[in-house]
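Residues per chain, in single letters:
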Amino acid sequence: MSIKLFDLTGKTALVTGSSRGLGRAFAEGLAAAGARVILNGIDEARLEETAASMRSSGFDVLTAAFDVTDETAVISAFETFDANGIEVGILVNNAGIQFRKPMLELATSDWQRVIDTNLTSAFLVGREAAKRMAERGAGKIINVGSLTSELARATVAPYTVAKGGIKMLTKAMTAEWAEKGIQANAIGPGYMITDMNEALLANPEFDAWVKARTPARRWGRPEELAGTVIYFASAASDYVNGQIVYADGGMISVL
Ligand code: GCO
C-alpha cells in the first residue's frame, strides 16, 4: 500500500512571495507532491519566468500578481479565484522582506513597511483564505516564521517582531479556526542560502558565526524546507494545530 498521507493531488496551494527564494522552494515542494500551485508576487514578469520554469518541470502552475499588504488587492484576488472556480485549500504565508538597521536609527516608515509585509499580510491573506476554507470545512494554513520568532538579533527589530507575531498569529488562527476544520501551523527556517541573506553569506565573520552557532555547521538550502511544508499541507498533519517546526540545523535548540 503506497502512503497517500503526503499526497496533494487535487489540492490548490497559494504561496505568497513565491517568485524566488524560500517561497519558490515551498511552491516547488508542494507541486512535486501533486498540488496545483498559485505563485504570488508583485513583479508579474518575474512570476511568469518562475512559472514557466516550473511548468517545464511538469508542474501545474498559475500566477496571481497582487500586493499582499493591500487589503483591496487581496480581497480582489480571492474574488477572482472564486469567479474562476479556484479553491485555495492550502495557503503558505511566506511573503516577507528584511531591513537591517539599529532601532535608534530606524525610520518609523521602515518599521511599518516590514511589519505590514511580514505580519499584517499573513492576517489579510489568511482571513480571505479562511473565509472560504471554513465554508468547505477544511484548509491548511502554513505561516513562515523564523529563528527570530523565538530569539532576537541586533539590527533586525521589525523583522523579529513580525516573526514573533507570526508565531502567535498561528496560535490565534488555531484558537478561532481549528473548529472549522482549518489547521494553522508555522515553519521556522534557520539561516538559509537565499537572496535575502546574500549580504550575510558574503560576510566572512557572519558566515563563520552561523556555522559555529549551528549544530549542523552549515547554512540551510531552501529545498530542505519542502518536506516540512508538505507535511503541514497534507493529511499527515490533520490533527496538528498551532505548532511551529524549526528547520534550522539545530540552531534554536542549543546555546
Ligand atoms: C538576519 C537574517 C535572519 C534569517 C532568518 C533566520 O538578518 O539575521 O536575515 O533573519 O533570514 O530569519 O531564521
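Everything discussed here concerns the structure shown above.
Residues numbered from 1 in each chain as written. Predicted model: local features only at pLDDT ≥ 70, side-chain atom pairs only at ≥ 80, totals over all residues. Heavy atoms only, no water.

## Remarks on the environment of Arg 217
Here's step 1: Position of Arg 217 relative to the elements: it lies in the loop between helix 7 (204–213) and helix 8 (226–233).
Here's step 2: Along the primary structure Arg 217 and Gly 249 are separated by 32 residues, whereas in three dimensions their C-alpha atoms are 7.6 Å apart.
Here's step 3: Discounting residues that sit within four places of it in the chain, Arg 217 has contacts with Lys 211 and Ala 212.
Here's step 4: Only 3.5 Å separates the side chain of Arg 217 from the backbone oxygen of Lys 211, close enough to count as a polar contact. (Helix = DSSP H or I, 4+ residues; strand = E, 2+ residues; numbered from the N terminus. Contact = heavy atoms within 4.5 Å. Polar contact = N/O pair within 3.5 Å; in protein donor to acceptor, adjacent residues only side chain to side chain.)

## Thoughts on helix 1 (residues 21–32)
Here's step 1: With 12 residues, helix 1 should cover 16 Å at 1.5 Å per step; its first-to-last C-alpha distance of 17 Å lies within 8% of that length.
Here's step 2: Regarding helix 1, the residues found buried are Leu 22, Gly 23, Ala 25, Phe 26, Ala 27, Gly 29, Leu 30 and Ala 31.
Here's step 3: Just downstream of helix 1 lies Gly 34, where phi reads positive at about 110°. (Expected span 1.5 Å × (residues − 1). Buried < 20%, exposed > 50% of the residue type's maximum accessible area, 1.4 Å probe, protein only.)

## Topic: the packing of helix 1 against helix 8
Here's step 1: The N-to-C vectors of helix 1 and helix 8 enclose an angle of 60°; their axes lie 9 Å apart at closest approach. With respect to their mutual orientation, helix 1 and helix 8 come out oblique. Crossing of helix 1 over helix 8 shows right-handed handedness. Across from Phe 26, Gly 29 and Leu 30 in helix 1, the residues of helix 8 making contact are Ala 226, Val 229, Ile 230 and Ala 233. (Axes fitted to C-alpha atoms, helices over the stretch in contact; angles between N-to-C directions. Parallel < 35°, antiparallel > 145°, perpendicular 65-115°, else oblique. Left-handed = near helix turned anticlockwise from the far one by under 90°.)

## Points about the side chain of Thr 50
Here's step 1: One can find Thr 50 in helix 2 (residues 44–56).
Here's step 2: Assessed through its relative accessible area of 3%, Thr 50 is described here as buried.

## Re the nonpolar core
Here's step 1: In this structure, Phe 26, Leu 30, Val 37, Leu 39, Val 92, Ile 142 and Val 229 are the most contacted members of the largest nonpolar core, which totals 29 residues.
Here's step 2: Going through the elements one at a time, strand 1 (12–15), helix 1, strand 2 (36–41), helix 2, strand 4 (90–93), strand 5 (139–144) and helix 8 are the ones with two or more residues in this core.
Here's step 3: In this structure, Leu 30 is in contact with Leu 8, Ala 13, Val 15, Ala 35, Val 37, Val 92, Val 229, Ile 230 and Ala 233, ignoring residues within four places of it in sequence.
Here's step 4: Counting 27 residues, the second largest nonpolar core, distinct from the first, contains Val 74, Leu 124, Leu 169 and Trp 177. (Core = buried A, V, L, I, M, F, W, Y, C linked by side-chain atoms within 4.5 Å.)

## Brief notes about the layout of surface pockets
It is the rolling of a water-molecule-sized probe over the atoms that shows where space remains empty.
Here's step 1: Of the pockets and cavities examined, the largest pocket occupies roughly 960 Å³.
Here's step 2: Mapped onto the lining of the largest pocket, the elements with two or more residues apiece are helix 1, strand 2, helix 4 (108–136) and helix 5 (157–177).
Here's step 3: For the lining of the largest pocket, the leading source of residues is helix 1, giving three residues.
Here's step 4: Split by residue class, the lining of the largest pocket holds 15 nonpolar, 18 polar and nine charged. (1 Å grid on protein atoms, 1.4 Å probe; cavity = no way out; pocket = protein on both sides within 12 Å on 5 of 7 lines; lining within 4 Å. Points joined across faces, edges and corners; volume = space filled by probe spheres on them. Nonpolar A, V, L, I, M, F, W, Y, C, P; charged D, E, K, R; others polar.)

## Some thoughts on the site of the ligand
Here's step 1: Within the structure, the ligand sits among 13 residues, and Arg 100, Ser 146, Arg 153, Pro 189 and Tyr 191 are positioned closest to it.
Here's step 2: Side-chain polar atom of Arg 153 to an oxygen atom of the ligand: 2.6 Å apart, as the coordinates give it.
Here's step 3: In the complex, the protein chains occlude 97% of the 330 Å² of accessible area that the ligand would expose alone.
Here's step 4: If you map the ligand onto the pockets, it falls in the largest pocket.
Here's step 5: Partitioning the shell around the ligand into residue classes produces seven nonpolar, four polar and two charged. (Near = heavy atom within 4 Å. Areas by Shrake-Rupley, 256 points an atom, 1.4 Å probe, with all protein chains shown as cover. Sits in = over half its atoms within 2 Å of the grid points.)

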